[in-house]
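Coordinates in review
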Amino acid sequence: MNNDEFIYAVKRNSNRLYLIALTFTKNHYDAEDIVQNTFLKLMKQNKTFESEKHMDNWLTAVCINESKDYLKSFFRKNSTSLEDAKELYTFDKPKDFDLFTAVMSLPKKERTVIHLFYYEDLSIKEIAVVMKISESSVGTRLHRARKHLKEILGDEWINE
């Protein structure tokens, strides 16, 4: 991979990988570190990718694995409050922050599949591959997450 291709990959994937890492860590700085580690692995990788989608899926898998490793690490830091995270992003509507808060309050397994399914537009099959779990487990986690979100957000969000 040449330098221009690497820079293009970083520009194309930075924000989405950051959000994936943030769903695991709930911490701005730790999420940034995970994204940097992910791109370092890409830089060191001598792999030829079939397409941009193939590279994006590979980066997603690496980011998830880096996030999981971080959560197991001894040096894990305290998490950032959701109010601090709100300052990092601008939300188009107040309801967007309500949704963000609700998703971030879900258990990690549910939060991750919701993010990958709705924000990364990965299929259940792709999520299963990336997370190294069965498709039925992904479906179960999505079902539980949707149920929890409905409980948190109430009936006004049903058609959103």
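Bear in mind the structure is a predicted one, so any value in this text is a computation, not a measurement.

1. Some thoughts on the packing of helix α1 (residues 3-25) against helix α6 (residues 108-119)
At their nearest, the axes of α1 and α6 sit 9 Å apart, and the two run at 165° to each other. Our classification of the angle between α1 and α6 gives roughly antiparallel. For α1 against α6, the interelement crossing comes out right-handed. Of the residues in α6, those in contact with R16, L19, I20, T23 and F24 of α1 are K108, R111, T112, H115 and L116. Each residue belonging to the contact of α1 with α6 can be placed in one class, and the counts come to four nonpolar, three polar and three charged.

2. What to know about the pattern of salt bridges
Evaluated as defined, the whole model comprises five salt bridges. The residue R12 makes a salt bridge to D56 at a minimum N-O spacing of 2.7 Å. Taken as a pair, R12 in helix α1 and D56 in helix α3 (residues 52-72) lie far apart in primary sequence, 44 residues in all. Given the relative accessible area of 23%, R12 is considered partly exposed. A cluster of three or more residues bridged by salt bridges with shared partners is formed by R12, E52 and D56.

3. Brief notes about the packing of helix α7 (residues 124-131) against helix α8 (residues 135-153)
Viewed as axis vectors pointing N to C, α7 and α8 meet at an angle of 110°, and their least axial separation amounts to 8 Å. The orientation of α7 relative to α8 falls into the category roughly perpendicular. Of the residues in α8, those touching α7 at I124, K125, I127, A128 and M131 are E135, V138, G139, R141 and L142. Its residues assigned to classes, the contact of α7 with α8 comprises six nonpolar, one polar and three charged.

4. Comments concerning α7
Here α7 has its buried residues at I127, A128, V130 and M131. Elements in contact with the buried residues of α7: α3, α6 and α8.

5. Some remarks on the side chain of N27
With respect to the element layout, N27 can be found in the loop between α1 and α2 (28-44). With relative accessibility at 5%, the residue N27 sits in the buried group. Of note is the side chain of N27, whose polar atom sits 2.9 Å from the backbone nitrogen of Y29.

Cut-off values and rules
Residues numbered from 1 in each chain as written. Predicted model: local features only at pLDDT ≥ 70, side-chain atom pairs only at ≥ 80, totals over all residues. Heavy atoms only, no water. Axes fitted to C-alpha atoms, helices over the stretch in contact; angles between N-to-C directions. Helix = DSSP H or I, 4+ residues; strand = E, 2+ residues; numbered from the N terminus. Parallel < 35°, antiparallel > 145°, perpendicular 65-115°, else oblique. Left-handed = near helix turned anticlockwise from the far one by under 90°. Contact = heavy atoms within 4.5 Å. Nonpolar A, V, L, I, M, F, W, Y, C, P; charged D, E, K, R; others polar. Salt bridge = Lys/Arg side-chain N within 4 Å of Asp/Glu carboxyl O. Buried < 20%, exposed > 50% of the residue type's maximum accessible area, 1.4 Å probe, protein only. Polar contact = N/O pair within 3.5 Å; in protein donor to acceptor, adjacent residues only side chain to side chain.

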